[in-house]
Amino acid sequence: MDPIFMDERLKQIYAKVRQGTRLSKEDGICIYQTPDLLGAGMIAHAARCARHGNTAFYVYNQHLNYTNICKNRCRFCAYAKDRQESGAYAWSLEEISRRLMDRIDEPVDELHIVGGLNETLGFDYYIDLLKTVKQIRPQAAIKAFTCVEIDYLSRLSGLGVDETIAQLKGAGLDMMPGGGAEILNTRIHDTLFPKKIDHTRWIEIVKAVHKAGITTNATMLYGHIETIEERVDHLITLREIQDETHGFSAFVPLAFHSKNTRMPELPPTTAVDDLKSVAAARLMLDNFDHIKAYWVMIGEPLSQVALSFGADDLDGTIIEERITHTAGASSAKGLTREQMENMIRKAGFEPVQRDSFYNPKTGTGS
Ligand code: V47
Ligand code: SF4
């Protein structure tokens, strides 16, 4: 028996999803605009369960934000500082080693490493950073640098994009996180992050990274000045790239936090918008395996609900998140494995601890 939809348009979308027919831009806009939140969520949940059953993934990871000095100063970023500003920092390799050693007894499987574009650091720093991390944590995957950093490093080194990626890969880079895309659109770029690479360059770089055999995630920063149409266009652009490269692993919707940014007047995203963003991603990105509910940004309780709105992954234990907390996030700075598993079980799903490539971990004692 078909579920009851309050919005007739969702019937057609449900039929398309069941037949495996790709959703159109209008369908994407409808998922965002429908008053029938549960209807949209139910379709996304069906698509999620078809791929993953009642499994919900998480990873034991550690974040390292090696510098907050950044020359780009995007309007939405609370994290970046100028060199002379109080609170500006750049970690030496010794500092990075110390932070890794502090947690060496923990079973960390992934190191998530990103930072600002700090002109005092040379290309060698990045290579040595990767080598140092690999030496201390040889079993963990290094998920580091966004396309923004790759573009910057290729200019810094003068090596060109392909050779830069090859050198980083040679030094230990295993995969890349999805940041830096924001909303792939000229209007948003010119207004919010004019100094950062634009969508054309982001797409060029992500394709080169995928061609080099490095998988990446993709993100969408929502809840600022973008329109629904611009969000859906962003998802369709990612879907088209994925058709070509098959190099995206997961998609992560990122809810904008305005505190300490240059747009402090903007209100927080609502729970309804957060859930619709997860559902729209699951349904529009029919060629992505994984949709993450990033608990740091939407909070632990709503991420539990998001598992029933299309998400199959809660990211990870994290330890010491800085970027969103500087912008006012009230979630924890890290969670234990027990807390992650408890969150998942209480939401009605079976937790599976994974590595960076979604291979289940066995023998973790959980
Ligand atoms: O690129 C910056 C965003 C990103 C704010 O790939 C902000 O697994 C909200 O990309 N409010 C970095 N968001 C984080 C990121 C990420 C996080 C977790 C997992 C993965 C993954 C990737 O955070 C930036 C930018 O898009 N951001 N400022 C802010 N005020
Ligand atoms: Fe720099 Fe990234 Fe912040 Fe933009 S979002 S100012 S590129 S650290």
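Everything discussed here concerns the structure shown above.
Report on the accompanying structure. This is a predicted model, so every value here is computed, not measured. (Residues numbered from 1 in each chain as written. Chains lettered and ligands numbered in written order. Predicted model: local features only at pLDDT ≥ 70, side-chain atom pairs only at ≥ 80, totals over all residues. Heavy atoms only, no water.)

### Some points on the site of ligand 2
- Looking at ligand 2, the residues that line it are Cys70, Asn72, Arg73, Cys74, Phe76, Cys77, Ala80 and Lys196.
- Residue classes in the shell around ligand 2 are distributed as five nonpolar, one polar and two charged. (Near = heavy atom within 4 Å. Nonpolar A, V, L, I, M, F, W, Y, C, P; charged D, E, K, R; others polar.)

### Some details on the sheet that holds strand 10 (residues 350-354)
- Across the sheet, which stays open at both edges, the three strands sit in the order 9-1-10 with parallel pairing between neighbours. Across the chains shown, the open sheet's two edge strands, defined by having one partner strand only, are strand 9 (313-316) and strand 10. For this sheet, the mean inter-axis angle between neighbouring strands, taken without regard to orientation, is 25°.
- Of the strand pairs in this sheet, strand 1 (residues 55-59) and strand 10 are connected by five bridges, and their pairing is parallel. Opposite Val59, over in strand 10, you have Arg354 as the bridge partner. (Pairing = 2+ DSSP bridges. Helix = DSSP H or I, 4+ residues; strand = E, 2+ residues; numbered from the N terminus. Axes fitted to C-alpha atoms, helices over the stretch in contact; angles between N-to-C directions.)

### A short note on unusual backbone geometry
- Positive phi values are uncommon outside glycine, yet Phe145 reaches one of about 65°.
- In this structure, Phe145 sits in the loop between strand 4 (141-144) and helix 6 (147-157).
- You will see that Tyr358, though not glycine, has its phi angle at about 65°, which is positive.
- Look at Tyr358 and you get buried, because its relative accessible area is 10%. (Buried < 20%, exposed > 50% of the residue type's maximum accessible area, 1.4 Å probe, protein only.)

### Here we look at the site of ligand 1
- Taken together, the neighbourhood of ligand 1 is formed by 24 residues, with Lys143, Gly178, Glu182, His257 and Lys292 sitting nearest.
- Separating an oxygen atom of ligand 1 from a side-chain N or O atom of Asn217 is a distance of 2.9 Å.
- Lys292 has a polar side-chain atom sitting 2.6 Å from an oxygen atom of ligand 1.
- Looking at the shell around ligand 1, the elements that each hand over two or more residues are strand 6 (215-222) and strand 7 (248-255).
- Grouping the constituent residues of the shell around ligand 1 by class yields 12 nonpolar, eight polar and four charged. (Polar contact = N/O pair within 3.5 Å; in protein donor to acceptor, adjacent residues only side chain to side chain.)

### Examining the packing of aromatic side chains
- Following the criterion strictly, the structure yields 12 aromatic pairs and no others.
- Seen from their ring centres, Tyr66 and Phe145 are 6.2 Å apart, and the 90° between their planes marks the pair as edge-to-face. Residue Tyr66 is located in the loop between strand 2 (61-64) and helix 4 (93-102), and its partner Phe145 is located in the loop between strand 4 and helix 6; the two are separated by 79 residues in the primary sequence.
- Accessibility expressed as a relative area gives 1% for Tyr66, which makes it buried.
- By way of ring pairs, the aromatic residues Tyr66, Tyr125, Tyr126 and Phe145 are connected into one cluster.
- Positioned above the aromatic ring of Phe193 is the side chain of Lys196, whose terminal nitrogen or guanidinium carbon lies 5.6 Å from the ring centre. (Phe/Tyr/Trp six-rings, centres within 6.5 Å; stacked < 30°, edge-to-face > 60°. Lys NZ or Arg CZ within 6 Å of the ring centre and 35° of its normal.)

### A word on the side chain of Asp36
- As for its position among the elements, Asp36 is in the loop between helix 2 (25-33) and helix 3 (37-52).
- Within the buried core, Asp36 has no salt-bridge partner, and the shortest N-O distance to an opposite charge, that of Lys276, equals 8.9 Å.
- In this structure, Asp36 is in contact with Phe5, Met6, Asp7 and Leu10, ignoring residues within four places of it in sequence. (Lys, Arg positive; Asp, Glu negative; His and termini not counted. Salt bridge = Lys/Arg side-chain N within 4 Å of Asp/Glu carboxyl O. Contact = heavy atoms within 4.5 Å.)

### What to know about the packing of helix 1 (residues 9-19) against helix 3
- Put simply, helix 1 and helix 3 touch, their axes get as near as 10 Å, and they point 5° apart. Between helix 1 and helix 3, the angle falls in the class roughly parallel. Across the interface between the two elements, Leu10, Ile13, Tyr14 and Val17 of helix 1 pack against Gly39, Ala40, Met42, Ile43 and Ala47 of helix 3.
- For the contact of helix 1 with helix 3, the per-class residue count stands at eight nonpolar, one polar and no charged. (Parallel < 35°, antiparallel > 145°, perpendicular 65-115°, else oblique.)

### Here we look at the pattern of salt bridges
- All told, the structure shown has 30 salt bridges when counted by the stated rule.
- Between Asp243 and Arg22 there is a salt bridge, and its shortest N-O distance comes to 2.7 Å. Residue Asp243 is found in helix 10 (residues 228-245), and its partner Arg22 is found in the loop between helix 1 and helix 2; the two are separated by 221 residues along the sequence.
- When its relative accessible area of 33% is taken as the criterion, Arg22 is described as partly exposed.
- Where Asp82 meets Arg73, a salt bridge forms, and the shortest distance between an N and an O atom there is 3.0 Å.
- For Asp82, a relative accessible area of 39% gives the class partly exposed.
- One connected set of salt bridges, linked through shared partners, spans Glu95, Arg98, Arg99 and Asp102.

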